[in-house]
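A closer look at the structure
Spelled out from the first residue to the last, the chains are:
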Amino acid sequence: MGVRMDKPWRELTAANVAALGAELGVYQLADAEGRIVRIGYAGGRTLFGLRSELAAALEAGEAARFRTEVTAQYLSRYEELLMVHAADHGALPVGNAADARRRMGRLSPG
Amino acid sequence: MIDFEPSEEQALIVGQVRRFVREEIWPLEAKLDPDASRVEPEDHARLVARTRAMGLYGLGIPPEFGGPDVDIVTQTLIAIETAQHRAGLYSPCFGAFGGAGLAQLYEANDEQKERYLFPMLRGEKRGFFGLTEPSGGSDPARAIRTRAVRDGDDWVINGSKIFISGADGADFGIVFARTDADKGRGGITCFILDADTPGFHVRRVVHTLRSGHYGTELSFEDARVPHANVLGEVNRGFAIANDRLTRQRIPYAAGCLGVAIRAQEMAIDYAKQRKTFGAALSTRQAIQWMVVDNEIDIRTARWAILAAACKAARGEPFRTEAAMAKLLASEGASRVVDRAIQIHGGYGVTKDLPLERWYREMRIRRIGEGPSEVQRIVMARDLFDQALY
């Protein structure tokens with residue numbers, strides 16, 4: 001597993017979301033230009049894991065694309081993805097404003 | 001007379017803390033992710049206000065630095081209680097009781113205290129403890145390969161560290177580096193390093209069995225630290241690390257015991273309710289023996305932990321006792337959680353219950369703060385009254 005999520009983007013459509021499993025994990029949402037608009041995770045209290053999370057994002061019209069990573073370490077991976085994004089872009093994604101309320105860690109992933 | 005029963009005052013404090021855990025922490029935790037290790041800032045502030053009102057905030061901070069005047073035995077009894085919830089092993093009460101922070105800084109000089117210790121105690125600065133390296137963590141005297149070389153008024157540090165908690169969010173760190181290649185444990189120095197020092201990098205997150213916590217890997221590339229930031233004396237850093245490792249073993253063991261006690265409560269409750277083949281599980285000898293074995297592990301660990309705490313409180317050497325307590329508690333609690341899962345059957349391994357989280361996290365406790373094998377080395381060394389290696 002690399003520090004950055006490098007799986008191919010998929011269109012955020014009902015068919016693609018329905019094909020997702022109910023595993024726990026992390027995901028990234030992007031706009032049509034590929035800019036990451038939010039990083040999220042499907043944790044232990046989600047009803048159907050990643051499928052539930054992405055279905056909610058689709059319903060909210062949050063993004064055009066998504067990609068996922070199944071992992072039991074969803075919280076530490078989520079933190080890592082936030083820190084890597086901040087290191088690469090100088091700020092968190094616009095959809096992660098709530099995370100900016102707390103003190104984030106810093107990474108120099110190289 | 002030998003008596004490990006709490007005094008009247010201790011029983012009152014323990015009862016107060018137990019109510020706090022059950023009335024404040026349990027309901028809050030029910031709304032969080034099962035792997036969560038922190039609460040929202042406003043919830044944390046509310047919890048801290050409660051522990052301050054109880055006069056128990058800042059446990060572990062010496063009274064002369066503003067901590068409550070609570071002896072180590074009572075602190076141990078409190079640590080057993082504060083671990084009794086889902087996140088309790090590594091985030092007891094989500095930090096509501098505060099903590100001692102980096103205890104090594106109590107030995108700092110006045111200027112260092114002003115710059116690091118006092119801001120840390122006020123919650124304005126955070127620190128990390130940088131000891132373990134990729135070359136090993138159990139034998140720091142030999143494993144430390146990070147080097148510091150004197151250059152005028154500075155030291156230049158090069159090397160790496162791994163499994164370091166909190167470095168990504170810290171303002172400074174206590175870093176151990178080799179300053180004399182020929183002197184083994186007598187060639188290690190402890191430095192206070194500001195996190196914004198050029199050449200210091202937090203390279204990656206190290207994912208473990210814990211989802212809500214992670215370690216980090218650090219690199220030092222010509223990181224320049226002023227000589228004024230040497231903590232203690234040059235080449236005397238190992239004693240600083242070692243002292244911390246011994247003291248930390250008592251609350252570490254107490255946390256394991258707290259989780260074991262809670263797992264046992266859950267196992268007994270479930271065994272009374274759950275029926276198989278027309279009778280409650282609690283009537284089955286196989287289940288009864290598991291519960292009895294749990295109780296043996298719990299009581300053995302409790303006596304060992306309190307024996308270590310009592311010796312520490314009397315100011316006597318307690319290295320063997322602390323090592324024994326850590327070993328018995330971490331290994332015994334692992335067995336208790338495992339048996340509690342077995343009693344719960346399929347539910348035991350779901351995220352509906354805290355047992356699966358404790359099972360994962362408890363595995364780490366047999367390695368963290370010195371693995372079981374090192375605890376045995378420590379005890380053997382004392383029993384033979386010599387340095388074995």
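Criteria and thresholds
Along each chain, residue indices are assigned from 1 in the same order as the chain's sequence is written. By the order in which they are written, chains take letters starting at A while ligands take numbers starting at 1. For a predicted model such as this one, the threshold for reporting local features is a pLDDT of at least 70, and the threshold for listing and counting side-chain atom pairs is 80 or more; totals across whole chains, interfaces and linings nevertheless cover every residue. Hydrogen atoms and water are omitted, and side-chain values are computed over all heavy atoms in the structure. pLDDT is a per-residue confidence score from the predictor, ranging from 0 to 100. Simply put, an axis is a line fit to the C-alpha atoms, just over the touching stretch for a helix, and the angle between two N-to-C directions goes from 0 to 180 degrees. For the purposes of this entry, the term helix denotes a DSSP run of H or I that reaches at least four residues, the term strand denotes a run of E that reaches at least two, and both are numbered from the N terminus. Put simply, angles under 35 degrees are roughly parallel, angles over 145 are roughly antiparallel, angles from 65 to 115 are roughly perpendicular, and the rest are oblique. A crossing counts as left-handed when the near helix is turned anticlockwise from the far one by less than a right angle, and as right-handed when that turn is clockwise. The criterion used for residue contact is that any of the two residues' heavy atoms lie within 4.5 Å. All amino acids are sorted into three groups, where Ala, Val, Leu, Ile, Met, Phe, Trp, Tyr, Cys and Pro are nonpolar, Asp, Glu, Lys and Arg are charged, and the leftover types, Gly among them, are polar. Any two rings among Phe, Tyr and Trp, with Trp reduced to its six-membered ring, count as a pair given centres within 6.5 Å; such a pair is stacked if its planes are under 30 degrees apart, edge-to-face if over 60, and tilted if neither. We call a residue buried when its accessible area falls under 20% of the maximum for its residue type, exposed when it is over 50%, and partly exposed in between, using a 1.4 Å probe and counting protein chains only. Counted as over-ring charges are cases with an Arg CZ or a Lys NZ within 6 Å of the ring centre that also lie within 35 degrees of the ring normal. Simply put, the buried area is the total loss of 1.4 Å probe accessible area from both parts when two parts are fitted together. A carboxyl oxygen of Asp or Glu within 4 Å of a side-chain nitrogen of Lys or Arg is what we treat as a salt bridge. Each polar contact in these results corresponds to two N or O atoms within 3.5 Å; when the atoms are within protein, one needs to be able to donate a hydrogen and the other to accept it, and residues that are neighboring in sequence are counted only if both atoms are side-chain atoms. A pair of strands counts as paired when DSSP detects no fewer than two bridges linking them.

When pLDDT drops low, the exact placement of atoms in the prediction is not to be read closely. Of all residues in chain B, 98% have pLDDT values of 70 or greater, and the mean over the chain is 93. At the level of chain-chain contacts, confidence expressed as ipTM amounts to 0.89, with global pTM at 0.92.

Turning to the packing of helix α8 (residues 319-344) of chain B against helix α9 (residues 355-365) of chain B, a few remarks are in order. Residues and elements named next belong to chain B. Their axes nearest at 9 Å, the elements α8 and α9 cross at an angle of 155°. Relative to α9, the element α8 is oriented roughly antiparallel. When the axes of α8 and α9 are compared, the crossing they make is left-handed. Between α8, through Lys326, Ser330, Ala333, Ser334, Val337, Asp338, Ala340, Ile341 and His344, and α9, the contact on the second element is made entirely by Leu355, Glu356, Trp358, Tyr359, Met362 and Arg365. For the contact of α8 with α9, the residue count by class is eight nonpolar, three polar and four charged.

All told, the structure shown has ten aromatic pairs over all chains when counted by the stated rule. Taken together, a centroid distance of 5.0 Å and an interplanar angle of 55° make the contact between Tyr116(B) and Phe172(B) tilted. Here the residue Tyr116(B) occupies a position in helix α4 (residues 110-121), and Phe172(B) occupies one in strand β4 (residues 172-178), the gap between them amounting to 56 residues. Just as Tyr116(B) is buried, Phe172(B) falls in that class too. Joined through ring pairs, the aromatic side chains of Tyr41(A), Tyr74(A) and Tyr78(A) make up one cluster. Between Arg365(B) and the ring centre of Tyr90(B), over which it is positioned, the NZ or CZ distance is 4.6 Å. Here the basic side chain of Arg365(B) rests over the ring of Tyr252(B), its NZ or CZ set 3.8 Å away from the ring centre.

On to the interface of chain A and chain B, then. Chain A puts 24 residues into the contact, and the matching count from chain B is 35 residues. A combined buried area of about 2200 Å² lies between chain A and chain B, and 44% of that area is made up of carbon and sulfur atoms. Per-residue buried area on chain A facing chain B is highest for Arg45(A), Arg103(A) and Arg106(A); these three make up 29% of the total on that side. Run the count over chain A and chain B and you get one salt bridge. The partner of Arg38(B) in a salt bridge is Glu79(A), with the nearest N and O atoms 2.7 Å apart. At the boundary of chain A and chain B, one finds 15 residue pairs in polar contact (both at pLDDT 80 or more).

Attention now goes to the pairing of strand β6 (residues 200-206) of chain B. All names here are of chain B. Within β6, five of the seven residues are buried, which leaves the element mostly enclosed by the surrounding structure. Summarising the sheet, β6 and strand β7 (residues 215-226) pair through six bridges and their orientation is antiparallel. Across the sheet, Val206 pairs through a bridge with Gly215, a residue of β7.

Right, let's get into the packing of helix α6 (residues 237-273) of chain B against helix α7 (residues 285-313) of chain B. Residues and elements named next belong to chain B. Viewed as axis vectors pointing N to C, α6 and α7 meet at an angle of 155°, and their least axial separation amounts to 10 Å. By the angle between their directions, the pair α6 and α7 is classed as roughly antiparallel. Crossing angle aside, the handedness with which α6 passes α7 is left-handed. Listed contacts from α7 to Ile250, Ala253, Ala254, Leu257, Ala260, Ile261, Gln264, Ile268 and Ala271 of α6 are Ile287, Val291, Asn294, Glu295, Ile298, Ala301, Arg302, Ile305, Ala308, Ala309 and Ala312.

All names here are of chain B. Even without glycine at this site, Phe277 takes up a positive phi of about 50°. Following the sequence through the fold, Phe277 ends up in the loop between β9 (275-276) and β10 (279-280). In this structure Phe277 comes out as exposed when scored by relative accessible area, which is 86%. The residue Glu369 is not glycine, and still its phi comes out positive at about 55°. Within the secondary structure, Glu369 sits in the loop between α9 and α10 (372-383). Note on Glu369: relative accessible area 17%, which makes it buried.

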